[in-house]
Amino acid sequence: MTSHSPAAQITLCVGLDPQPPVLEAWGLPDSESGLESFVRAIVPILQRSGCKVAKPQVAFFERFGLAGMRQLAVLLGELRASGIFTIGDAKRGDIVSTMSGYAQAWLIPGSDFEVDALTLVPYQGLGALEPALTLAAEHDKTVFVLAATSNPQARETQMATRSDGRTIAHGVVHDLSRWVEEGSAPVDACGVVVGATVNVVDYAFDLRDYPGMPVLAPGFGHQGALLAEAKSLFPVTTPLTAVVARSVLLHGEAGCAEAIEAAQAELAS
């Protein structure tokens, strides 16, 4: 990963998903004021728990319109000031011209929504993501491209076979790896999203064929994957960022730090 990214081979990431049940667990209204209170409280909790990586889910801020996006900008700035690596879970993807605009919004230093890493959707062609890959490389950032996701609706698309015989999911991993090999982007500037509840055998690829490919793995905790099994679920040669969200956030403000510490201990076991 880049010099600003987590250095550990396996790193815990806390997903920041202020959806209604989470705000309720924190004793907050599902409103702009509730979101503002959540943002104000969460960074000290992450610091106290020793959290190194946080992944705000943009949708749960965007649903509150301008006020929500303002709070997202505040949160990202405070995380950055605290030295916490930020992954913007925005899942942007489009043709080259509009992808360039998305990339500037999220990957340019000093922008309102500057993050250290950004999630991307490749289904208009990996080449269409080139502006984001280029900016990531230029500014010491990282992008994570969706490959095999855990939602059941994705299986039909991601398991479909391309003309070269690879599944769509395998093709994303393979093509991104080739992009790095050809020098279009540093190896630590791009990785893939693979759900922790996904059996990659079903998608006809093996991450051990792509040593060093960074993986962002949502699905631990509330979605069912066990952090204690992370090392067996993913090859030890793969830098892994394991994501928990509701499983720690639903403990509320009083119990969140302790829940994060417990998750870190489980991951290290």
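Higher on the page you've got the structure.
The structure displayed is predicted, hence computed values, not measured ones. (Residues numbered from 1 in each chain as written. Predicted model: local features only at pLDDT ≥ 70, side-chain atom pairs only at ≥ 80, totals over all residues. Heavy atoms only, no water.)

Topic: the nonpolar core
The biggest cluster of nonpolar side chains holds 79 residues, and the ones touching the most others in it are Ile42, Leu46, Trp106 and Phe220. For this core, the element with the most residues is helix α2 (residues 32-49), which contributes eight residues. Filtering out sequence-adjacent residues up to four positions away, leucine 46 remains in contact with Val14, Leu16, Cys51, Ala54, Leu79, Ile84 and Ile260. Membership of the second largest hydrophobic core comes to 10 residues, among which are Phe85, Ala117, Leu146 and Val243. (Core = buried A, V, L, I, M, F, W, Y, C linked by side-chain atoms within 4.5 Å. Buried < 20%, exposed > 50% of the residue type's maximum accessible area, 1.4 Å probe, protein only. Helix = DSSP H or I, 4+ residues; strand = E, 2+ residues; numbered from the N terminus. Contact = heavy atoms within 4.5 Å.)

Topic: the sheet that holds strand β7 (residues 215-217)
With parallel pairing, the eight strands of this closed barrel are ordered in space as β1-β2-β3-β4-β5-β6-β7-β8. Between one strand axis and the next, the sheet turns through 30° on average, direction left out of account. (Pairing = 2+ DSSP bridges. Axes fitted to C-alpha atoms, helices over the stretch in contact; angles between N-to-C directions.)

Let's talk about helix α11 (residues 252-268)
The end-to-end C-alpha distance of α11 is 24 Å, a good match for the 24 Å that 17 residues give at a rise of 1.5 Å each. All of the buried residues in α11 are Gly252, Gly255, Cys256, Ala257, Ala259, Ile260, Ala263 and Leu267. Buried residues along α11 sit in contact with β1 (10-16), α1 (20-25), α2, α9 (230-233), β8 (240-244) and α10 (246-249). (Expected span 1.5 Å × (residues − 1).)

Describing the pattern of salt bridges
Under the counting rule described, the total for this entry stands at 12 salt bridges. The closest approach of N and O atoms between arginine 80 and glutamate 114, which form a salt bridge, is 3.8 Å. Of this pair, arginine 80 sits in helix α4 (residues 65-81) while glutamate 114 sits in the loop between α5 (96-107) and β4 (117-120), and the two are 34 residues apart along the sequence. Linked through salt bridges whose partners overlap, the residues forming this network are Arg162, Asp164, Arg166 and Asp175. (Salt bridge = Lys/Arg side-chain N within 4 Å of Asp/Glu carboxyl O.)

All quantities given are derived from atomic positions and should not be read as evidence of function.
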